[in-house]
Amino acid sequence: MNYFQEMGLSMTMTGLKKLSVAMAAVVTMSLTYSMDVAAHNHSGDSKKHQHQKNQGMMVHMAWARALPPVAMNGAAYLMLHNNGKQTSTLVSASSPIAKSVMLHQSVESNGSVSMQHVDSLEIKPKGAVTFKPGGYHLMLMGLKKPLIAGKSFPVTLNFSDGYSLKTLVKIKKGNQKAPSMSHQHMKHEKSTTNAHQH
């Protein structure tokens with residue numbers, strides 16, 4: 001083998017090494033891209049699954065009683081219906097019309113009525129929970145605007161799995177002495193019992 005043949009062979013080997021390195025880089029980039037896509041799809045699937053898990057939750061007949069402008073607190077009522085296949089747990093609520101919104105339950109015992117704070121409410125599959133005067137209600141603490149008949153305001157319901165459900169609460173005429181005035185004189189207790197299904 002002469003000098004030129006040796007040089008050609010050497011250049012061929014060097015070219016092959018460079019080609020191998022380039023191919024390895026391409027393979028690495030392809031694998032990284034595939035892993036990123038898979039991770040993104042998995043994240044999207046998780047969010048989609050979470051949405052599907054809660055898409056059966058529905059809110060019906062959300063309303064609040066109109067109160068005098070001087071009222072500091074109010075209450076909202078509604079019906080929660082779980083048309084899904086899994087239990088959903090309501091853990092909190094919020095609304096721009098009040099500084100805070102709390103889950104409460106009115107409980108009558110020995111002729112007196114007490115107001116209990118409820119940490120969470122479970123709504124079983126195909127079950128429903130009704131928020132009504134004398135029972136469960138959303139306590140609107142520190143009203144930022146008066147509850148005027150004919151108006152409405154939004155409320156967001158938050159569930160234990162991170163799902164949020166928004167609804168519009170209609171304000172209706174009613175007994176202006178309730179619920180805020182009675183709420184100020186009621187005893188507050190803490191309840192950890194599950195919601196009764198209706």
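What this report covers is the structure whose coordinates are included nearby. Because the structure is a prediction, the values reported are computed rather than measured.

Cut-offs used in this document
Residues numbered from 1 in each chain as written. Predicted model: local features only at pLDDT ≥ 70, side-chain atom pairs only at ≥ 80, totals over all residues. Heavy atoms only, no water. Helix = DSSP H or I, 4+ residues; strand = E, 2+ residues; numbered from the N terminus. Buried < 20%, exposed > 50% of the residue type's maximum accessible area, 1.4 Å probe, protein only. Contact = heavy atoms within 4.5 Å. Areas by Shrake-Rupley, 256 points an atom, 1.4 Å probe, with all protein chains shown as cover. Core = buried A, V, L, I, M, F, W, Y, C linked by side-chain atoms within 4.5 Å.

### Quick word on the overall build of the protein
Across its full length, the protein holds two helices and eleven strands. Looking at the protein residue by residue over its 198 residues, the buried ones come to 33%. Long-range pairs, those at least 24 residues apart, make up 72% of the contacts in the protein between residues at least 6 apart in sequence. Within the structure as shown, the protein displays about 12500 Å² of accessible surface, and the carbon and sulfur contribution to it stands at 59%.

### What to know about the nonpolar core
Leu 90, Phe 131, Leu 138, Phe 153 and Leu 157 are the most contacted members of the largest nonpolar core, which has 37 residues in total. The dominant element in this core, judged by the number of residues it contributes, is strand E8 (residues 136-143), at six residues. Apart from the residues lying within four places of it in its own chain, the contact partners of Leu 90 are Leu 80, Leu 103, Asp 119, Ser 120, Leu 121, Ile 123, Phe 131, Leu 157, Asn 158 and Phe 159.

### Examining unusual backbone geometry
In this model, Met 61 sits at a positive phi of 50°, which is unusual for a non-glycine residue. In this structure, Met 61 sits in strand E1 (residues 57-65). Residue Lys 126 is not a glycine yet carries a positive backbone phi of 65°. By the element assignment, Lys 126 lies in the loop between strand E6 (121-123) and strand E7 (128-130).

Geometric values such as these leave the question of function open.
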